[in-house]
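# Tertiary structure, described
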Amino acid sequence: MLVIGTPAPKSPEEVPAEKAIAYVNCNIHSGEIEGKESMLIFAREVALGRHDDLLKDLVILLAPNMSPDGNDNLGTWRRGSQFTPALVGTRYNGQGFNMNRDMTKLEAYESRAVVEVMNKWDPVIFVDAHATNGSYMRHAVTYNWGLHPNTDPNIMAYNRGEFSRKAIGPDSYLYKKLDHKSIPYGNFGKNYSGKVSEGWWTFEDYPRYTTNYAGLRNRLAMLLEVYSYDDFKTRVDTQYACIYGILQTVAQDKDKIKALIKKADERESARATAGISPNDKVCLNSYLTTLDEIDGGYVSVDSYAADGEGRVTPTRTEYGMDGFKTAVYFEKEAVHHIPYYGKFVPTGTEQMGALYVIRPGADDAVQLLLRHGITVDRITEDVAAADFEWFKIDTLGTKKSLYEGHHMNVVSGDWTASKDLTLPAGSFVVSTAQPHGSLAALLLEPKSVDGLVSWNYLDKLIMTEGACYDRFMTRDSSTNARVVFPVWKFREFGGIPTSKLTPVERLAHDETLPKPITSGRTKTAP
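Residues numbered from 1 in each chain as written. Predicted model: local features only at pLDDT ≥ 70, side-chain atom pairs only at ≥ 80, totals over all residues. Heavy atoms only, no water.

### Some remarks on the side chain of N144
Secondary-structure assignment places N144 in strand 7 (residues 141–144). Judged by relative accessible area, which is 0%, N144 ranks as buried. A distance of 2.7 Å separates polar atoms of two side chains, one belonging to N144 and the other to T202. Setting aside anything within four residues of it in sequence, one finds N144 in contact with Y185, T202, F203, A221, M222, L223 and Y340. (Helix = DSSP H or I, 4+ residues; strand = E, 2+ residues; numbered from the N terminus. Buried < 20%, exposed > 50% of the residue type's maximum accessible area, 1.4 Å probe, protein only. Polar contact = N/O pair within 3.5 Å; in protein donor to acceptor, adjacent residues only side chain to side chain. Contact = heavy atoms within 4.5 Å.)

And the structure:
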């Protein structure tokens, strides 16, 4: 990673208070190389003194090559929508992970390194550079902000509105320098059907994606998807203009951005005194609807005429001597003014807990929380608790298909109020009155589609019996297996004396990473 500044700080403590820190991430999918190439050009220009004006207000963290193993694993025709250059790297890292699906489970070395940088340097924005492999259009780039419903609403509104307009929209360097018109990321049709009449649909809101993860941490995020059918130079120039315009906007609006972030973090931490609000809901899953806040829920997609089946498809394709595609052609240009599905609405929620208590033995899960920068305490001696909740599991299903090395869990059941519990010494306590409180709650809620349960972090404890847990054990209605959820939830912050808590900094446990995976791939989305 390059740390760029005038002067370049050796640590976050050396960053002047009046500056903002921006994180630019490139080559997470190393077939999509435009970010890497454009930002190396930018870094060279910095060395020549060409961006000193920008660096008066910014410190830039630049990771030009997040996936070095994937980058060096060169091959031809890795991306069917990208004709040049002939040789590019792979979508996956050396372990076989798609790191843009790894940000909650953090199994890849590179993903852990990214979050470590976020924790240490606390950038106000995370920019992730990609190239789309989706629908045919005439836009050189599409973009998106953090999409998860638990993103701070003020940050999300600014990110997708004023910031996007200045950074990549009509007021941006991209428009003024290259005359490129951008639109929010999407594809024609529901579930990638390609049907124009069904609208323009964005990708999933799961925090396992980098930009959704950054948004859930109360920071700005920007996904950049240059159009892969454009020639290589156009894609690199476009990505450069996009990122440069974003950096310009961060420099211009740094005080406003910092104020938004400060208020969002303070709202999370204020739960310690204000308590849990009825509005503190954890989104477990969601559905996609039109984003009416922007242009009444519609978007104009500069593309080509649809065929008889309502899809945009080439009328002619050219191939080179090696048999690979070199160009695609269409009958005529067209603009499709269609609904834009860009807003996620929760389909299921849970009231956020004030405290989540994890029983002893969950070291892998706790280590993951620590990697995310979440504060965790440990109970030093047995504690008698009065009012609490335990999760009564009805069904514990495991998906048959392998996804990113996992057979993911799907849980049903409900939290049940109870009294009188002895919390054993060695239990772990997570408070949601901290800057990453919303992220912590999402990871710890059992029915979350992107949490510790779904990613198998608690499998062993769910199936473990013990006399002190018998009262919380139920039988899976589908398998008749005895199961128990190893986390208790407290609605109030005062349930555990602070005198009996000690901070957990790290755990000494097996750091062995998962074996490389070779199946369970997904092909769509950023």
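Now that the structure has been shown, we can carry on.
### Structural notes on the confidence of the model for the protein chain
This prediction gives the protein chain a mean pLDDT of 93; 96% of its residues lie at or above 70. With pLDDT under 50 throughout, residues 520–524 is counted as low confidence; its partners more than four residues away or in other chains account for 14 contacts. (pLDDT = per-residue confidence, 0-100.)

### What to know about the pattern of salt bridges
As enumerated under the stated definition, the model contains 30 salt bridges in all. A salt bridge links E268 to R271; its shortest N-O distance comes to 2.8 Å. Neither residue differs from the other here; E268 and R271 are each classed as buried. Among the ionic pairs, K343 bridges to E293, the shortest N-O distance being 2.8 Å. Taken as a pair, K343 in strand 16 (residues 333–351) and E293 in the loop between strand 12 (281–290) and strand 13 (298–304) lie far apart in primary sequence, 50 residues in all. Salt bridges linked by common partners bring E162, K166, D253 and K256 together as one network. (Salt bridge = Lys/Arg side-chain N within 4 Å of Asp/Glu carboxyl O.)

### Remarks on the side chain of R91
Take R91: it is sitting in the loop between strand 5 (87–88) and helix 3 (109–121). Relative accessible area serves as the criterion here: at 17%, R91 is assigned to the buried category. Among the polar contacts listed, one links the side chain of R91 to the side chain of H29, at a separation of 3.5 Å. Polar side-chain contacts of R91 include one of 3.4 Å to the side chain of E32.

### Quick look at the packing of helix 4 (residues 153–167) against helix 7 (residues 232–252)
In contact at an axis separation of 8 Å, helix 4 and helix 7 are set at 125 degrees when each is read in the N-to-C sense. The angle between the axes of helix 4 and helix 7 places the two elements in the oblique class. In this structure, helix 4 meets helix 7 at a crossing whose hand is right-handed. Only C242, G245, I246, T249, V250 and Q252 of helix 7 make contact with helix 4, whose side of the interface consists of F163, K166 and A167. Each residue belonging to the contact of helix 4 with helix 7 can be placed in one class, and the counts come to five nonpolar, three polar and one charged. (Axes fitted to C-alpha atoms, helices over the stretch in contact; angles between N-to-C directions. Parallel < 35°, antiparallel > 145°, perpendicular 65-115°, else oblique. Left-handed = near helix turned anticlockwise from the far one by under 90°. Nonpolar A, V, L, I, M, F, W, Y, C, P; charged D, E, K, R; others polar.)

### Some points on the sheet that holds strand 20 (residues 409–423)
One open sheet accounts for seven strands, arranged 20-19-24-17-21-18-25; its pairing is antiparallel. The open sheet is flanked by strand 20 and strand 25 (501–504), the only strands paired with a single partner. In this sheet, adjacent strand axes meet at a mean angle of 30 degrees when their direction is disregarded. Where strand 18 (residues 376–379) and strand 21 (residues 428–431) come together, two bridges link them in antiparallel fashion. Its bridge partner being in strand 21, D377 is matched across the sheet by V429. (Pairing = 2+ DSSP bridges.)

### Remarks on helix 8 (residues 254–269)
Taking 1.5 Å per residue, 16 residues should reach 22 Å; helix 8 reaches 22 Å between its end C-alpha atoms and fits that length. All of the buried residues along helix 8 are K254, I257, L260, I261, A264, D265 and E268. Angular distribution of buried residues about the axis of helix 8 spans 135 degrees; they occupy a single face of the element. Facing away from the buried surface of helix 8 by more than 90 degrees, the exposed residues are D255 and K263. Against the buried residues of helix 8 lie strand 2 (20–25), helix 4, strand 11 (220–227), helix 7, helix 9 (271–274) and helix 11 (437–444). (Expected span 1.5 Å × (residues − 1). Arc of directions from axis to C-beta.)

### As for the environment of V410
Summarising the element assignment, V410 is placed in strand 20. Each C-alpha atom of the pair V410 and K460 lies 15 Å from the other, and the pair is 50 residues apart in sequence. Beyond its immediate chain neighbours, meaning those up to four positions away, V410 contacts T395, L396, G397 and K399.

### Comments concerning the packing of aromatic side chains
Per the stated rule, a full pass over the model turns up 24 aromatic pairs. Relative to Y229, the ring of Y136 lies with its centre 4.9 Å away and its plane at 40 degrees, an arrangement referred to as tilted. Placement of Y136 in the loop between strand 6 (125–132) and strand 7 and of Y229 in the loop between strand 11 and helix 7 is noted, with a sequence separation of 93 residues between them. Assessed through its relative accessible area of 17%, Y229 is described here as buried. Taking the centre distance of 5.4 Å and the plane angle of 55 degrees together, the rings of W390 and F472 count as tilted. Residue W390 is found in strand 19 (residues 383–398), and its partner F472 is found in the loop between helix 12 (459–462) and strand 22 (474–475); the two are separated by 82 residues along the sequence. Given the relative accessible area of 12%, W390 is considered buried. (Phe/Tyr/Trp six-rings, centres within 6.5 Å; stacked < 30°, edge-to-face > 60°.)

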